[in-house]
Amino acid sequence: MHEPLTAAEYRAIAAGLQLPANAFIDGAFRPASSGKTYTSTNPATGEVLAEIADCDGTDVDFAVGKAREAFDDGRWRLRSPGERKEVLLRLARLLERNRHELTVMESLDSGKPVRECQTVDVPDTIHTIRWHAELIDKLYDNTAPVGANALAMVVREPIGVVGCVLPWNFPLLMLAWKIGPALASGCSVIVKPAQETTLTALRVAELAHEAGVPAGVFNVVTGGGKEVGEPIGMHMDVDMVAFTGSTPTGRRFLRYAADSNLKKIVLECGGKNPAVVLDDAEDLDLAAEQVVNGAFWNMGENCSATSRLIVHAKVKDELLKRIGAYMREWKTGDPLDPENRVGALVSKSHFDKVNSFLEEAKKEKLNVAHGGGTRDGVFIEPTVVEGVTPSSRLFQEEIFGPILSVTTFSTLAEAVALANDTNYGLTASVYTGSLRNAIRLSREIRAGVVTVNCFGEGDATTPFGGYGESGFGGRDKSVFAHDNYCELKTIWIDISDRSVDETIR
Ligand SMILES: NC(=O)C1=CN([C@@H]2O[C@H](COP(=O)(O)OP(=O)(O)OC[C@H]3O[C@@H](n4cnc5c(N)ncnc54)[C@H](O)[C@@H]3O)[C@@H](O)[C@H]2O)C=CC1
Ligand code: BAL
């Protein structure tokens, strides 16, 4: 765990930061070819942070050309896995050296509480890069069981030029989930950070260059979804796109692939994640603490956020009382003050979207059991809304803010039906003292990650991604993530004395 600093220390770091503003292509910072910029602000204060290069398709073409050149000449791909590992471990050490700078940059850019950036975003980013680096020289290729007449090898090869299109809610960590396995596997990457949160991706690219990642291998092209994301999706020389973001934008990438070169697409999209609390839950305090953490961590701007509490009618009142007690620890305010666990939402427009759910709750005359306050057009207090039915927008739509809806059930079958009453299927958590119920619910709930008596997303060793409209094409994290960034090649060597007629199948 990184040592915590005080609010005054974080503010002093913020005052002294040199913020990157240009795209990073072929080992150097460059303005947009058009010369255009857009203004990036701190959502918590409205203060201008930087004028960021507003790139377009011309810059994407240039970056893809450089990434292709780097891939084809083998300056990274053809290094041994052990050599790539050493460079990426050097990057992890540089990230560690710059941890306070990255912590503060991430908080200023996104409105996230510095406390979370310091305890989760930055250390998990470093751990992810290190984990994939450490893995890469321990993965073996296979031989197939084809008998004595041939040797059939099944080898992985890096897929090529990869577009990593990122969201604003975990700018550093989602970068690491993509570039960790992509770079370790030997690919070249074009990273497109969300327009709202570009700073840390640019700084990491600069540090990767310092660590020895060759020019052209790690590029960051800043700008809008239409202007930069679409040209990446449509590019004939991009071999794969790894995307995290909303389901509607994820769908667009499937269309881009179909309309261009059938590039591989891996999507990690939205969620509407249930926490199911049974009446046999052994420790309601633990359930309350975990549900609060799941719902309000990162202001609920989290694809895996606990968004629907599905609780047995018998324990609902007691659980809500305890949830209220834990919520008192979640103070809302200045993200640079480590006492605050709830910072600003990422933008005024996102605030308006989240606030529309509070308006909806009022319209539906639902009971706001806890919270409900808003201020300064970007802060929303953690909020719990009771009596939500499956037909409500609060039950069905991804809110991506600190609002937890509560629905009751009375039988296990009803709980499963409510949990699965969604087009999404990313995560779920189950609270019970019964092993049988824990296993039954874990198997019957359709979600990529199910946690029992805790909230979480697993760790670096476990795959992350979802069923249904939550995901497509592969998983982030773990050894399985490397499959996203590789092609499988069969090399069949005939060693028999057989004739052509005998060997053709
Ligand atoms: N699953 C997740 O982790 C995330 C989900 N969301 C959800 O999406 C909602 C909207 O947030 P947005 O920032 O608008 O998400 P988004 O899905 O539009 O943005 C994600 C990335 O895709 C890019 N993009 C946007 N439009 C594009 C296009 N037409 N072609 C190619 N790339 C494009 C964006 O610039 C960004 O880099 C949120 O309210 C939330 O519900 C947002 C961010 C992350
Ligand atoms: N919680 C990590 C994935 C995401 O929110 O986008």
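Residues numbered from 1 in each chain as written. Chains lettered and ligands numbered in written order. Predicted model: local features only at pLDDT ≥ 70, side-chain atom pairs only at ≥ 80, totals over all residues. Heavy atoms only, no water.

## What about the sheet that holds strand E18 (residues 403-409)?
Moving on, step 1. Read across the sheet, seven strands follow the order E14-E17-E18-E13-E12-E19-E20 without closing on themselves; strand pairing throughout is mixed. Each having just a single partner strand, strand E14 (367-370) and strand E20 (449-452) make up the two edges of the open sheet. Mean inter-strand twist for the sheet, computed between neighbouring axes without regard to direction, equals 25°. (Pairing = 2+ DSSP bridges. Helix = DSSP H or I, 4+ residues; strand = E, 2+ residues; numbered from the N terminus. Axes fitted to C-alpha atoms, helices over the stretch in contact; angles between N-to-C directions.)

## Side note on the site of ligand 2
Moving on, step 1. All residues in the neighbourhood of ligand 2 are listed as Asn169, Phe170, Met174, Trp177, Thr244, Glu268, Asn302, Cys303, Ser304 and Glu457.
Moving on, step 2. Asn169 has a polar side-chain atom sitting 2.9 Å from an oxygen atom of ligand 2.
Moving on, step 3. Here a nitrogen atom of ligand 2 sits 2.6 Å away from a polar atom, N or O, in the side chain of Asn302.
Moving on, step 4. Protein chains shield 98% of the accessible area of ligand 2, which is 220 Å² for the free molecule. (Near = heavy atom within 4 Å. Polar contact = N/O pair within 3.5 Å; in protein donor to acceptor, adjacent residues only side chain to side chain. Areas by Shrake-Rupley, 256 points an atom, 1.4 Å probe, with all protein chains shown as cover.)

## Some details on the UniProt feature "active site" (unreviewed entry) in the protein chain
Moving on, step 1. Here the UniProt-annotated "active site" (unreviewed entry) positions come out as Glu268.
Moving on, step 2. One can find Glu268 in strand E11 (residues 264-268).
Moving on, step 3. On the accessibility criterion, Glu268 (2% relative accessible area) is buried. (UniProt positions renumbered as here; feature names shortened; annotations may be inferred. Buried < 20%, exposed > 50% of the residue type's maximum accessible area, 1.4 Å probe, protein only.)

## Digging into unusual backbone geometry
Moving on, step 1. At Leu262, a position not held by glycine, the phi torsion is positive, near 55°.
Moving on, step 2. Along the chain, Leu262 turns up in the loop between helix H9 (247-259) and E11.
Moving on, step 3. In this structure Leu262 comes out as exposed when scored by relative accessible area, which is 69%.
Moving on, step 4. Non-glycine residue Asp376 carries a positive phi angle of around 55°.

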